[in-house]
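Listed below are the residues making up each chain.
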Amino acid sequence: MRIGIFTDTYPPYINGVSTSVSMLENALRKKGHQVYIVTVNTENMRYKYENDEHIIRIPGVPIGIYDYRLTGVYPLKAINKIKKWNLDVIHSHTEFGVGTFARIIAKQYNIPLVHTYHTMYEDYVHYITKGYFNNTSKKIVEYLTNFYCNQTATELIVPTKKTYDLFKEKYKYTRNVHIIPTGIEVEKFYKENTDPAKLEEIRKKHGLNKGDFVILYVGRLGQEKSVDVLIEAHQELAREYKAKLLIVGDGPDMDTYKNLVHKLKIDDNVIFTGKVPWTEVTLYYQIADIFATASKSETQGLTVIEAMAASLPVVAVDDESFRNVIIDGLNGHLFDTKKEYKKYVKSFIDEPSKLQQFSKQARINADTYSSKYFAERVLDVYRLAINGETSEEKNSVKNGFKATLKGIFKWKK
């Protein structure tokens, strides 16, 4: 197939969506398919080609959420280049910006459009509204998301039942919804594929000693990630054990979390790495003993699968996005309170045999999320979109912009 992937985030920008897109791209190419990328230029307002013109980067402007950029610029030369690609299917990974461009191209050239829903936007509205009109903004975002998926996508992919229920029960989505957990290139995270010298270098860099028990968190540092839960719980853990909380990532709440660490007087026990290069992230999993997260804003939580592939048991908040990945009592634990979180972490420190057993099981379970199997399932959806598209589905795109505006102004609680 000739597949066009449209996404607002793509390496070297690092987040869950860019990781997912990059992994899918590589897996599809390994299977012999031609993959083309349309994404945002995160460096400047220029338009450029990469990788023998298989990647188009179009201008994007910052919108105030981390380093994220959104584009509303769709150059004619980009459209002409995409036309020459002669795509069989378009796979969009964002509802707005480049996602809108995907919808325009799909409609103009009658190309089936598959969409993957990655982001629970309601959890991020506050970055734009700054606390004002949050409820109204959430309703607008909810409507626009539902419109994009329900009125334009031939087939919809979601990573978990949590997001499936969001569309079927809350959004009353009427089309097909395929639950396909995002895969990863699990081999990248295997211990045997890691250079021991580089691991030792990172340990020294962050002052980690041989006897330290390392609890790892990888992700953005925003309030929706609830990293404060891990920090507050770590006060007691640091008092009783040689335990270090290693926080990998950056974000708008970095200073807030650092101030909290200082207030709790655990500066020597909590390590902030800041941004880590894409190629080094796998190394940080290998210097940890367990992985922890208290975030309830995930659609799936790829870092949890990455941790398991690196043989790390996971202690995560009991959220539906994690329940299909973490088998409580086998490869990790799910917690509801800080008290439970601390109990589970202590059990891994106190019982080395349990840690070893859970580590082995984590890696076994992670293999079921390999990129190869993920790509095969996505290809099945592509084939369904290509072979099952109807004229009614094509016509549903017409007057889409008018329908969007009409829906916003007629929104009812």
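The shown structure was predicted, so the numbers you read here are calculated from the model rather than taken from an experiment.

Attention now moves to helix α15 (residues 371–388). The first and last C-alpha atoms of α15 sit 25 Å apart over 18 residues, in line with the 26 Å expected at 1.5 Å per residue. Regarding α15, the residues found buried are S371, F374, A375, V378, L379, V381, Y382 and A385. For α15, the arc enclosing every buried residue in end-on projection is 160°, short of the 170-degree limit, so these residues lie on one face. Turning to α15, the residues buried within the fold contact β1 (2–6), α1 (16–30), β7 (89–92), β8 (113–116), β9 (155–158) and β10 (177–179).

On to unusual backbone geometry. Glycine aside, residues mostly have negative phi, and peptide bonds are mostly found in the trans state. Of note, the amide linkage connecting P11 to P12 takes the cis form, showing an omega dihedral of 15°. Within the fold, P12 resides in the loop between β1 and α1. In the Ramachandran plot, N110 falls in the positive-phi region, its phi being about 55° despite a non-glycine side chain. With respect to the element layout, N110 can be found in the loop between α3 (98–108) and β8. Positive phi outside glycine occurs at K265, with the angle close to 60°. Along the chain, K265 turns up in the loop between α9 (254–263) and β13 (270–274).

Mean pLDDT over the protein chain works out to 84, with 82% of the residues at or above the 70 mark. The low-confidence segment residues 123–129, where pLDDT is below 50, has 29 contacts with residues more than four positions distant or belonging to other chains.

Turning our eyes to something else, we now look at the pattern of salt bridges. Enumeration according to the criterion identifies 18 salt bridges in this entry. Here K338 makes a salt bridge to E232, at a shortest N to O gap of 2.1 Å. Taken together, the residues K338 in helix α13 (residues 338–350) and E232 in helix α8 (residues 227–240) connect sequence positions 106 residues apart. Look at K338 and you get partly exposed, because its relative accessible area is 35%. Through salt bridges that share partners, E236, E240, K342 and K346 make up one connected network.

Of all hydrophobic cores here, the largest spans 74 residues; its most connected members are I231, Y285 and Y341. Of the residues forming this core, the biggest block, 7 residues, is contributed by α8. Residues I3, L28, I55 and I180 belong to the second largest nonpolar core, which totals 23 residues.

As for its position among the elements, D319 is in the loop between β15 (314–317) and α12 (320–323). The contact partners of D319, leaving out residues within four places of it in the chain, are K162, K296 and E298.

The next point concerns the sheet that holds strand β14 (residues 290–293). The strand order across the open sheet built from 6 strands is β13-β12-β11-β14-β15-β16, with neighbouring strands paired in parallel fashion. Strands with a single pairing partner mark the edges of an open sheet, and in this sheet they are β13 and β16 (332–335). In this sheet, neighbouring strand axes are inclined to one another by 20° on average, regardless of whether the strands run parallel or antiparallel. The pairing of β14 with β15 spans 3 bridges and is parallel. By the bridge assignment for β15, F291 is matched with V314. Packing against the sheet, α8 makes contact with β11 (213–218), β12 (243–248), β13, β14 and β16, and its axis sits at approximately 160° to β12.

The rules behind the values
- Residues numbered from 1 in each chain as written.
- Predicted model: local features only at pLDDT ≥ 70, side-chain atom pairs only at ≥ 80, totals over all residues.
- Heavy atoms only, no water.
- Helix = DSSP H or I, 4+ residues; strand = E, 2+ residues; numbered from the N terminus.
- Expected span 1.5 Å × (residues − 1).
- Buried < 20%, exposed > 50% of the residue type's maximum accessible area, 1.4 Å probe, protein only.
- Arc of directions from axis to C-beta.
- Contact = heavy atoms within 4.5 Å.
- pLDDT = per-residue confidence, 0-100.
- Salt bridge = Lys/Arg side-chain N within 4 Å of Asp/Glu carboxyl O.
- Core = buried A, V, L, I, M, F, W, Y, C linked by side-chain atoms within 4.5 Å.
- Pairing = 2+ DSSP bridges.
- Axes fitted to C-alpha atoms, helices over the stretch in contact; angles between N-to-C directions.

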